[in-house]
Every structure is written in structure tokens, then in C-alpha cells.
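As a plain string of letters, each chain reads:
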Amino acid sequence: WFLPSSPPPSSTMSSPVHLRLRLLLLLYFLLSLPYAVLSSCPNNCAGHGTCGVGGVCSCFAGFGYSADCSLRTCPKGPAWADKAYQADAAHSLTECSGAGICDRSVGICECFEGYTGAACRRSACPNDCSGNGVCMTIRDAGLYLGSDYSTAPGSIGGDGLGPKYTNWDFESIGVCNCDMGFFGPDCSRRMCPKADDPVTINQNSRKVGFVLHGSGSYLDGVLKIGYLGHTAEFSLGTQWTASYCKQQWEKLDNVKSVSCAVAEGNPHTSLLEGQNVTMNVTFNSFPTIPSENNFFSHSGNPPLTAFTCDTSGTTSNTAASSGAVTSCLVKDLVYSDVTEYEFCARRGTCDFTSGLCYCFTGYTGMDCTSKSYSVSASNAEPALAATATGNDFIGNALEIQTEKPASQDFNFLSCKADGTEVFSINGQGRIMMGELVITQTGATISQGGINVDNGGMTIKENGMFVTNSIGSVNTAQFTASNTAMTKAVMALYSSTTASKTSFKFIEAGESSATTVFNVRGDGRTSVGGGLDVSGGATVTTGGLGITDGGATIGFGTVHHGGVPAEYALNVVDGAEIKNSRSNATVLKLSTGLDNHNGTVLSVETNTKATGNYFGYQDLIKTVLNNDADESAPPQVIFRVHSQPKTEVMTGGFLVRAGGATVSAGGLVVGSGGVTIGAGGLALVGDVTFGSGVYMTGTAQMSGINADMTGATLSGGFTSSGLTSFTAAVDAQSQTLTLDGATIEGGVTHIGLETFSGGITVAGTSSVTGGITFDGVTS
């Protein structure tokens, strides 16, 4: 390009023509310059379109509502209401079908109440069919539920589909298709039982004829006959008989009983029979619980339009041609004065909320077809009696039946006294009664158990026997569900006047001959296999007897008078332990701890010391021949009593080692003597020895009164400060030292080997009776 002020490159460009051409080119350049510089699309088409010439956006599908493609469009449907654009023509395609607002940020219709669908083009079904049906468009209702074909004479069978509805609202109007047993626009109504009116008699049953014709030599395939929402199927390759016809019709839920007549019944063989098949069906009865809904129902006389033939699955062929036409004709045979099929048999009113019949006076039953009787009687005559005569009778004297399956919402029997129900049997066999008295043979419950809601249960005679063959459940279980329970969960009482030891409250074992546990009438409890007590045991009276198995008391703290005690067993009112085995220890007390520093056995009493021999109690007492069964009285051997004093009654007192120390109270050995093997005997207080005291160690007495009548001393004897020394002393082979003692009865030394220690009588000592030495060798 050259500007006008530029000199031409050559003389050929300076002509007027060339000058005009250059000006035109310059003008074109100037005019096109603003578009080239300024042409850009708004908002860059929001990313939902392409920018075109002149800065105009070409929006993607669904984003064309604004110039910059930022707002979305919504789905369109036939407008529910708009102006007609020609005669009988309206309902143009409109966003949200004119029944909603488009949310342009997302392109979704927000439908007004009562409308639904992506484009709000469908009306919502009322109450969403109450949960008892499905919502369908009127197109689908006609196509899948409508009549399949015309019933005019000579009509051709249908294809299983109803008429096609194609008007503007074919996908707009919604309608409920209710479940069987429900009806109403929103399927909220429940059908009551239906039956024939028992008052109307001598009526006819509805009868319909079906004629199947094929132009070929034989028929084949499956014929489907629709009847009010149900379909019966008939094989054309099967011999048609009356029983086959009855069987196929009675498979339908809305048919109870039919009878059939079939002519030319083999559609698959000869030419004549193959071309024409006739089936006449008499509908004798329909189900008491109707299998009907808002689209399919009748009152006992279903019209011809209730029956449709679907021949789409049939064929009619010849040897020369195939695909010949099959036709099906439905005919009225009996249609006047037919039996009714009405709610509650027209003998009651239907509660369409519950589906229950409320029968008129004189009628009863779930469908009000049974007559009710009101019988009155005077005096003691029965109001109603049923008698089965004949000794060979084996049937039911009274039988109550229902067509309805077992359910708890109805009663087989209800007995009322002055309007108050006292006995009833519901539809599941549950019995309700005011009181049950069984006078003979008892009661056997084979399954389900027995539930007593109130009033308890009393068994007066022959007791109660409970058996259980299921190992995973309790044979008998008692549960108190009241959290404020103050009585016994199980109480056992006996009013017997016999000996309390002659009966038992509880007995347990494999049989009555082999029991392992029992509680006697006097409360004595016997445990055969040992007793485990985790929470302690208190026997307040009668003691505790364990005949076998022993008793094991584990670690724990015993509370005595509310104060914890450091022992494992606390017996309040005495305990007796018996042993029937000759070689067993009756009672063994032991501790298994190497570092035990407590008391193994503690015998205590709250009784104060009596201070005299009378009125004392024994803390410890040992007796031989306690049962006096060897012609000899019981013999007390040893006792510790509350005088306080320890007495060895017979057999002597033998200390083999360690000696014996009596701090106070003295030691009394009634007979048998006292033998101290080693360690000596130290007596601090007064001491009295009977006959047969034998001491092998050294006897030392200090400041006491000693009565040693008949005592034998083999280890020597030393006294210091004796105030009295009564009876003779036999000191064998040892020394005798007396200091300040008064000896009455004398001192005798027998068989002394030596007498090196001599006899010393010092202080105020005196010897009455003398001192005799026998056998002194030195």
C-alpha cells in the first residue's frame, strides 16, 4: 500500500485510473479497520458457545437464553393452557409446559404443585396413590390396561395391547392404577368382601362363549384370554377338555369356580376341529376377597368388554400357505338375572377405610352371608344345643369355618354375659377366658406355650409337670419384671400337718431315686455335689449339714455384726460336721501361705468368766463314744470352759517337747496324769496334782501352793518360796531342793543312783512326815 503523498514508483502509476484505484483500496482499508480491531463476543460466550462474526455468540444446546450464553433453557412440553393457534389446535411446546418456573442457572424446571416431570408436563397422581398403586399416564393406561380388540361379531383377536391414545395430553395426565383390593382416585379405599345376596334365589350364573377359528388346517401356539386385569393361557397344542378349561380358568385370582363345555376340542389335529374350537364358560362363583381395583371390577355380571383375546401367539397353517388368520369371538350366553357379587352381599355396609363389613341385624360373617340366630330359653334349658346321635359318630358336633386365612382380627367364637365378653376364640385359635378350671386329665400344650396376662394360674390337684426336649432353652423360668419387686419371684408353701422332715419343698436330680439337691420341709438343705458360695452364706438356725462333697470357702472378708473379720467362715448358731468314712479327717484347718501370720483357729465367746464350776460353758469339748452305742456312757476327754479352766478329764496330759506354761487359772488333770517329756514344767501360780503325775524334766516352782499327791519326779525338783507343799513326792534319781516350803506328807526318794545334790531345807521350810530315801547307793 502507498499513501497519497508517496511518490509513484514509476510513471505508469500516476494516471488518473491508478489514482482512483489506490483511493478505493485505501477507503476499504479504513472502513474495515474498526471491525478487525473491536469485534469480540460478550463474556466470551460464558464458555458455553462460540464467538462468530460481528461479536455474536453461537450458544451450545441448552444455553441459548441470553446473548452471552450464560443462562440455560429448560425442557419443553405441551402447554397446559395457552391460546389456540388455529381451530381446535392449541397446547404449543412451552418451557416447563407453562406449569413451572425455569431455574436458568441449572436449566431445571421447578414445577407448580400438582405437576411433575422434567418439563412439568405430567399431572401428579393424587396423594401419590396412597402407597397402594402406581401412577401411569393415560397413554400407558390405555395401552396396557385397555380393551385389546372390538367384540363385534367376526372381529379378529388382538395383540395383547389396548388402544393407543395420541392426543396432546397422552403423556401429561396421570392416573392411579391401584393394587388389587384397593380403589378410588388415590387408591385410599379398601374393598370389603364380596358375595352373592343370600336373599335373592333361583338366579343364573354368568356364562360366556369363546369361538376360536383358523383359516388353516390346524391351530398352534398359545391363546391368551384377558379377564379384568388377569390372563388365562390355553395351549393350542393340547387336547382341550372341560377339566383343562376349568383348570386354566381357576388359576386366576379373580375366579373361584367355573364349569366348562368344550366342542371340537382338539385344535391341533383334523381339519374340521382345527378350524373351529368352542369353549363355553359358566362362572359359578368369585373370591370372597375380591382381586379387583379401580380399573377392573364387576357386580356379578361382567360385560363382554371384560374379556379380550390375544391371538398374537397363535398360528393357523396349511400345507400350501402359512400365516393364515386366527380369529377369536366372545359371545354372551347367559347374562340376565345373574347372581350378585356385591360388597358385604348387600346385607351390610362396607367400611372402605378398613375393608370390613358391618352386617345388618340377622346376618353375620366376614361377607354378611351367614344368618345369625337369637335364641332364648327359660329356666335351665339350653338356649342352643347341638346333639350328634349314634354311637358310631366320629365327625364334628360343631364346626366353624372361614374362607379367610387364620388371622387375629376376627373371632371364631365370642361369649358374652350381659354384654361383657367372658370367653372368645380368635382367628388364630387364641383363647381368652375369665377363668380356666380343668377337672380331669389335665392340659397338654404341644406348641406355643401358655401366656397368662393377668390373674395368675392356680393348679389345685395332681401338680404340674413340665417337660422340655430342647436343650437350648430353660425348662421353667420365672421372671419378675417389676423393678420395685418386694415379694418372692417363686414362693413354695405347704400346709401339711405331718412331720416337717417327711416332705421336701424342692427336689432335683436325674430321678426321684438319684437326687443331688433338696430342701426338706424343715428347711434342711442337702447338696450332693458340693456347694459353691460366692457371696457368703448365713445359717441363722438349724445348722448346715454337708453329707458329701465337703465345703470349700475361698478368700473373702466375713462381716460379723457389720464389722469385717479376718476369717473365712462365720457360724452364728453352731455348726455340726459329720463323717461317715473311717479313715477320713473330720475337720482340717490349714493355711497354704508360707508367710501366714494370722490365726488358723480362733474360738471366742462373749460370755464372761463365771469364776465357779457351775453355770460355765464349754469353749472346746472332746467326747468319746458320743452315741453311747458300746454299752458304755459317753466319756469326756478334754474341755476348755469359761470358769475359765482347761481340764484333761481322762488319759492324762502329755507334753513331749517345749514344756508347758500355765500363767493363771491352774491346770487340772482329772485322771491319767500329766507327762512332760522335755523342756520342764514352770508353774507360776498355784498348782494341784492328782495321782499319776509323771515329770521327766526338771520341775521348778516359785511362790506357789503345790499339791503333788502321787507325783513322780524323774528330772529333779526345785522350789523357791513355797507356801505349802501337800502330799508325798516321789523323786527318782534326782535332787530335791526345798526353799521356804512347808511339806506335808513327806518326800520320798526311790532308787536314787546318786545323792550328790543332797536335800536342802532352808529358810522357814519344814517337812512333816519326814524324808525317806530308798535305794540310795551313794
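Residues numbered from 1 in each chain as written. Predicted model: local features only at pLDDT ≥ 70, side-chain atom pairs only at ≥ 80, totals over all residues. Heavy atoms only, no water.

Draft legend 1. The arrangement of the overall build of the protein chain in detail. Per the secondary structure count, the protein chain includes 4 helices and 56 strands. Every one of the 778 residues in the protein chain was classed for burial, and the buried ones make up 26%. In the protein chain, the share of contacts with a sequence separation of at least 24, taken over all contacts with a separation of at least 6, comes to 41%. In the form shown here, the protein chain has an accessible surface area of approximately 49,200 Å², with 53% of it arising from carbon and sulfur atoms. (Helix = DSSP H or I, 4+ residues; strand = E, 2+ residues; numbered from the N terminus. Buried < 20%, exposed > 50% of the residue type's maximum accessible area, 1.4 Å probe, protein only. Contact = heavy atoms within 4.5 Å. Areas by Shrake-Rupley, 256 points an atom, 1.4 Å probe, with all protein chains shown as cover.)

Draft legend 2. Spatial organisation of the sheet that holds strand β17 (residues 257-263). Pairing is antiparallel across the open sheet formed by 4 strands, whose spatial order is β17-β18-β14-β21. In this open sheet, the two strands that pair with only one neighbour each are β17 and β21 (326-334). Between one strand and the next, the sheet's axes are offset by a mean angle of 20°, whatever the strand orientation. Bridge count between strand β14 (residues 206-214) and β21: 8 bridges; the pairing is antiparallel. Bridge pairing in β21 links Gly209 to Lys331. Running at roughly 140° to β17, helix α3 (residues 242-249) makes contact with β14, β17 and β18 (276-285) of the sheet. (Pairing = 2+ DSSP bridges. Axes fitted to C-alpha atoms, helices over the stretch in contact; angles between N-to-C directions.)

Draft legend 3. Highlighting the pairing of strand β15 (residues 218-227). As paired elements, β15 and strand β16 (residues 230-235) share 6 bridges and run antiparallel to each other. Bridging across to β16, Leu223 finds its partner in Phe234. The antiparallel hairpin formed by β15 and β16 contains 2 residues in its connecting segment, where Leu228 sits at a positive phi of about 50°.

Draft legend 4. Here's a closer look at the nonpolar core. Grouped together as the largest cluster of nonpolar side chains are 32 residues, with contacts concentrated most on Phe210 and Trp249. Every element with two or more residues in this core is listed here: β14, β15, β16, α3, β17, β18, β19 (307-310) and β21. Non-local contacts of Phe210, meaning those with residues more than four positions away in its chain, are made with Ile225, Trp249, Val277, Thr278, Met279, Asn280, Val281, Phe307, Cys309, Leu329 and Val330. One finds Trp80, Cys96, Cys102 and Cys109 within the second-largest nonpolar core, a separate group that totals 7 residues. (Core = buried A, V, L, I, M, F, W, Y, C linked by side-chain atoms within 4.5 Å.)

Draft legend 5. The arrangement of the pairing of β19 in detail. Where burial is concerned, the two faces of β19 agree: the one with Phe307 and Cys309 and the one with Thr308 and Asp310 are both buried. Where β15 lies against β19, 4 bridges are found, and the strand directions are antiparallel. Note that in β19 the partner of Lys224 across the bridge is Asp310.

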